[in-house]
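So you can see what is in the structure, the chains are spelled out below.
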Amino acid sequence: MTDAGVPFRKMHGLGNDFVVVDTRTHPLALTDAQAARIADRRAGVGCDQLVTIEPPRPAYPGSAAFMGIRNADGGVVEACGNATRCVAHLLMDEAGAETVTLGTLAGPVVATRAADGLVRVDMGPARTDWAAIPLAEARDTLHVNLGVAPFSDAVAVSMGNPHVVAFVENAERVDLRGIGPVIEHHALFPNRVNAEVVSRRPDGTLRMRVWERGAGITRACGTGACAVAVAAIRRGLMLPGAVTVVLDGGPLVIDWAGGDAPVLMTGPVATAFTGHLNGSLLS
Ligand SMILES: N[C@@H](CCC[C@H](N)C(=O)O)C(=O)O
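Per an unreviewed UniProt entry, the protein chain carries the name Diaminopimelate epimerase and comes from Roseospira navarrensis. According to the UniProt record, the Subunit (unreviewed entry) comment for the protein chain reads "Homodimer." UniProt, in the comment section headed Function (unreviewed entry), describes the protein chain in these words: "Catalyzes the stereoinversion of LL-2,6-diaminopimelate (L,L-DAP) to meso-diaminopimelate (meso-DAP), a precursor of L-lysine and an essential component of the bacterial peptidoglycan."

Here we come to the pairing of strand 1 (residues 6-13). Both strand 1 and strand 17 (residues 270-277) contribute to a ladder of seven bridges, which runs antiparallel. Paired with Met11 across the bridge in strand 17 is Thr271. As paired elements, strand 1 and strand 2 (residues 16-22) share six bridges and run antiparallel to each other. The partner of Gly13 across the bridge, within strand 2, is Asn16. What sits between strand 1 and strand 2 in their antiparallel hairpin is a turn of two residues, with Leu14 showing a positive phi close to 55°.

The next point concerns the UniProt feature "binding site: substrate" (unreviewed entry) in the protein chain. As annotated by UniProt and renumbered to match this structure, "binding site: substrate" (unreviewed entry) occupies Asn16, Gln49, Asn71, Gly81, Asn82, Asn161, Asn194, Glu212, Arg213, Gly222 and Thr223. Here Asn161 is to be found in the loop between strand 9 (155-158) and strand 10 (162-167). Given the relative accessible area of 4%, Asn161 is considered buried. In this structure Asn161 touches Glu78, Ala79, Asn194, Arg213 and Thr223, once residues within four positions along its chain are discounted. Structurally, the position occupied by Thr223 is in helix 4 (residues 222-234). A polar side-chain atom of Thr223 sits 3.1 Å from a polar atom in the side chain of Asn161.

Calculation rules
- Residues numbered from 1 in each chain as written.
- Predicted model: local features only at pLDDT ≥ 70, side-chain atom pairs only at ≥ 80, totals over all residues.
- Heavy atoms only, no water.
- UniProt positions renumbered as here; feature names shortened; annotations may be inferred.
- Pairing = 2+ DSSP bridges.
- Helix = DSSP H or I, 4+ residues; strand = E, 2+ residues; numbered from the N terminus.
- Buried < 20%, exposed > 50% of the residue type's maximum accessible area, 1.4 Å probe, protein only.
- Contact = heavy atoms within 4.5 Å.
- Polar contact = N/O pair within 3.5 Å; in protein donor to acceptor, adjacent residues only side chain to side chain.

Here it is, written out as structure tokens:
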């Protein structure tokens, strides 16, 4: 067995899993096809997102690094909440710091250590204007009708990446595998979209399931949980403040005061194993 190749770390946040490569030490110019091969659960390492820790970019003064993100289909995306916590954890460890700023395509994000080994990320403001999400045409983003149940009265929101949230009686009963691809590719979303179904539980938490753009059903989606909390608060279903969103992989706490206030996401990080990319994954 050889260790030659590009080192990676397999991490996850609530089961939303990542291959994390530090391209500051091991420069790597990946094509979409290579990224998709690495993400493939049979022919590659397997992950929902491939994440690169890159040198900081001048556009984000004071940032420790730039975080590149690709979905399992190989496509580049703007934001990933769960991966942000994982990368922030590594960089805070590296610097012996309690806080770190990362650049992303969605803008800068600031992470801090929280109690019980959790990481909190200021994900910036939610974007609720139709053009910022973006939608293909002007619509009221609080009541979007995609013409497909249960997304006939949904909420569209951007957390740097596009989301559409449907409130349902029981999120467990939605055929997400059937409906997910239809919503992801709906003509109203020129950049495609992440789709969440959510129901309110008797204990006051929100139960959410997600179909991720470019990855399908995942156990958790940090930006999705932020979008769900924002949608619920905008709709008046939850009070502004801390909201617990329960995903397949477990809970995230999302704190939003409303309006232009930043959306704060708190949750766990984990490393599963480390290894090296080589062979057919790099050719
Ligand atoms: N799992 C992520 C989101 C990853 C990107 C998303 N699939 C997209 O295409 O926008 C998260 O934790 O936020």
